[in-house]
Amino acid sequence: MTATIIDGKAIAQELRGNIAKAAAQLAKEHGIVPGLAVVLVGNDPASEVYVKSKSKAVTEAGMKSFDHKLPADTSQADLLKLIEQLNADKSVHGILVQLPLPSQIDSTLVLNSIDPGKDVDGFHPVNAGRLATGQRALVPCTPVGSVILAKTINPSLAGLDAVVIGRSNIVGKPLAQLLLAENCTVTIAHSKTKDLKEVCRRADLLFAAVGRPEMVRGDWIKPGATVIDVGINRVPGEGGKTRLVGDVNYKEALEVAGAVTPVPGGVGPMTIACVILNTLRAACASAGLPEPKV
Ligand code: NAD
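Criteria and thresholds
- Residue positions are given per chain, counted from 1 along the sequence in the order it is written.
- Local features in this predicted model are restricted to residues of pLDDT 70 or higher, and side-chain atom pairs are both shown and tallied only at a pLDDT of 80 or more, whereas totals for entire chains, interfaces and linings draw on every residue.
- Just so you know, side-chain values use all the structure's heavy atoms and leave hydrogens and water out.
- The near set for a molecule or strand comprises every residue that places at least one heavy atom within 4 Å of it.
- For the purposes of these results, a polar contact is taken to be a pair of N or O atoms within 3.5 Å, where, inside protein, one atom must be able to donate a hydrogen and its partner to accept one; residues adjacent in sequence count only when each atom of the pair is a side-chain atom.
- Every helix listed is a DSSP run of H or I at least four residues long, and every strand listed is a run of E at least two residues long, numbered separately from the N terminus.
- The criterion for a disulfide is a pair of cysteine sulfur atoms lying within 2.5 Å.
- Residue exposure (1.4 Å probe, protein chains only): buried if accessible area is under 20% of the type maximum, exposed if over 50%, otherwise partly exposed.
- Note on terminology: a nonpolar core comprises buried Ala, Val, Leu, Ile, Met, Phe, Trp, Tyr and Cys residues joined through side-chain atoms within 4.5 Å.
- Should any heavy atoms of two residues lie within 4.5 Å, those residues are counted as being in contact.
- Start and end positions for the domains come from either an automated domain assignment or a database one.
- By this rule, a helix spans an expected 1.5 Å times one less than how many residues it contains.
- The reported arc concerns the directions from the helix axis to the C-beta atoms and nothing else.
- Interaxial angles span 0 to 180 degrees and are taken between N-to-C directions of axes, which are lines fitted to C-alpha atoms, for helices over the stretch in contact.
- Oblique is the label for any angle not under 35 degrees, not over 145, and not in the 65 to 115 range, which are roughly parallel, roughly antiparallel and roughly perpendicular in turn.
- Note: crossing handedness is left-handed where the near helix turns anticlockwise from the far helix by less than a right angle, and right-handed where it turns clockwise.
- Throughout, the ten residues Ala, Val, Leu, Ile, Met, Phe, Trp, Tyr, Cys and Pro are labelled nonpolar, Asp, Glu, Lys and Arg are labelled charged, and all others, Gly among them, are labelled polar.

1. A look at the site of the ligand
At step 1: With respect to spatial proximity, 22 residues lie near the ligand, and among them Arg167, Ser168, Val230, Ile232 and Thr271 are the closest.
At step 2: In this structure, arginine 167 approaches the ligand through a main-chain N or O atom, which is 2.8 Å from an oxygen atom.
At step 3: In this structure, an oxygen atom belonging to the ligand sits 2.5 Å away from a side-chain N or O atom of serine 168.
At step 4: With three residues, helix 10 (residues 267-286) is the single largest residue contributor to the shell around the ligand.

Written out as structure tokens, the structure reads:
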């Protein structure tokens with residue numbers, strides 16, 4: 001079998017186009033231009049690249065981007081003061097604090113200080129609780145993007161056996177909640193799971209969010225399953241260079257799975273698209289409008 005390759009880049013591009021159309025309609029009908037504030041503390045090169053691509057995506061969608069670049073020695077009190085200002089700023093509908101933060105800053109305290117209505121990363125406990133109880137919530141972007149990709153193959157996920165490897169607050173747990181809301185039978189596997197291979201082999205939908213290069217082998221995959229690889233791992237490549245691989249052995253997965261996401265070009269582009277989707281959703285919610293249709 002040769003699996004269908006799920007082209008996250010193309011799907012994200014289409015989603016971004018739809019978000020731009022919905023944002024233009026919001027501006028025309030209600031005079032609201034969604035705005036995203038991105039806060040970066042320090043100069044971690046990977047974070048800088050990521051923040052730049054988020055700002056670009058926001059601008060391309062016809063939204064406003066407010067970048068706040070602070071020095072690495074910024075105090076916790078100063079960062080909290082900035083968040084307070086952004087919480088009060090009516091032109092800012094989404095606030096995103098790029099992680100990791102320097103060691104003098106308590107990340108949980110900072111993330112919990114963001115207005116839950118502007119928490120486009122969906123990390124605030126209020127949003128986690130709303131998601132878990134089926135209420136309107138801002139949901140973490142990577143899980144949302146992963147489910148959208150799975151639904152391009154299986155438009156209804158109802159009744160499918162879904163296995164999520166990884167139980168982090170930013171990927172594994174919210175992903176499991178989303179799949180439950182889609183009526184999947186969900187198993188969350190993690191570092192203490194027994195017989196991980198056998199657990200994975202039961203999955204119609206397999207999501208790998210671990211951070212271990214190519215851990216999921218071909219014989220872990222049920223023939224015909226949809227495999228969504230969330231992992232991003234940098235490994236040594238040819239000629240002293242490095243390359244990116246996922247948590248799934250892509251070559252082996254192609255032989256067994258029904259569909260699989262590549263790394264790069266799978267979940268990654270969807271995460272950025274879902275940041276702007278959440279900014280649009282936050283702007284609509286702040287004006288008491290229904291969920292935007294994209
Ligand atoms: P994390 O380190 O917070 O969590 C990893 C999880 O994997 C843990 O819950 C742990 O229990 C589980 N785990 C560790 N070793 C395991 C093992 N041997 N067997 C089974 N489970 C094991 O990581 P995270 O933030 O959830 O990210 C996971 C991966 O997804 C990373 O590679 C990260 O770079 C990637 N990621 C990608 C995107 C994207 O946009 N594509 C976004 C976020 C994270």
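Once the structure has been displayed, the description carries forward.
2. Details of the state of the cysteines
At step 1: According to the stated counting rule, one finds zero disulfides in the structure shown.
At step 2: Cysteine cysteine 184 remains unbridged, with the sulfur of cysteine 200 as its closest cysteine sulfur at 15 Å.
At step 3: Classification of cysteine 184 by relative accessible area gives buried; the value is 6%.
At step 4: Unpaired in terms of disulfides, cysteine 284 finds its nearest cysteine sulfur in cysteine 274, a separation of 15 Å.

3. Notes on the nonpolar core
At step 1: By size, the foremost hydrophobic cluster in this structure holds 55 residues, and its most contacted members are Met63, Leu179, Leu205, Phe207 and Leu280.
At step 2: The contact partners of leucine 280, leaving out residues within four places of it in the chain, are Ile19, Ala22, Ala23, Leu26, Pro34, Met63, Pro292 and Val294.
At step 3: Cys200, Val216, Val227 and Ala253 belong to the second largest nonpolar core, which has 22 residues in total.

4. Notes on unusual backbone geometry
At step 1: With an omega of 0 degrees, the peptide bond between leucine 99 and proline 100 qualifies as cis.
At step 2: Going from valine 263 to proline 264, the amide bond is cis rather than trans, its omega being 0 degrees.
At step 3: On the secondary structure map, proline 264 appears in the loop between strand 11 (259-260) and helix 10.
At step 4: The phi dihedral of asparagine 183 falls on the positive side, at around 70 degrees, and the residue is not glycine.
At step 5: Mapping asparagine 183 onto the fold places it in the loop between helix 7 (172-181) and strand 6 (185-189).

5. Describing the domain arrangement of the chain
At step 1: The domains assigned to the chain are domain 1 (31-116) and domain 2 (141-269).
At step 2: Each of domain 1 and domain 2 has a C-alpha centre, and the two are 29 Å apart.

6. Side note on helix 3 (residues 76-88)
At step 1: End to end, helix 3 covers 19 Å across 13 residues, agreeing with the expected 18 Å (1.5 Å per residue, within 8%).
At step 2: The set of residues buried in helix 3 consists of Leu79, Leu82, Ile83 and Leu86. Here the buried residues of helix 3 occupy an arc of 100 degrees about the axis, which is enough to place them on one side. Facing away from the buried surface of helix 3 by more than 90 degrees, the exposed residues are Glu84, Gln85 and Ala88.
At step 3: Each element contacted by the buried residues of helix 3 is listed here: strand 2 (35-41), strand 3 (64-70), strand 4 (94-97) and helix 4 (107-112).

7. Some remarks on the packing of helix 2 (residues 45-60) against helix 10
At step 1: Orientation of helix 2 relative to helix 10, taken along the N-to-C sense of each, is 50 degrees, at an axis distance of 10 Å. Our classification of the angle between helix 2 and helix 10 gives oblique. With respect to the hand of their crossing, helix 2 and helix 10 are arranged in right-handed fashion. Facing helix 2, whose interface residues are Tyr50, Ser53, Lys54, Ala57 and Val58, helix 10 presents Thr271, Ile272, Val275 and Ile276.
At step 2: Here the residues of the contact of helix 2 with helix 10 sort into six nonpolar, two polar and one charged.

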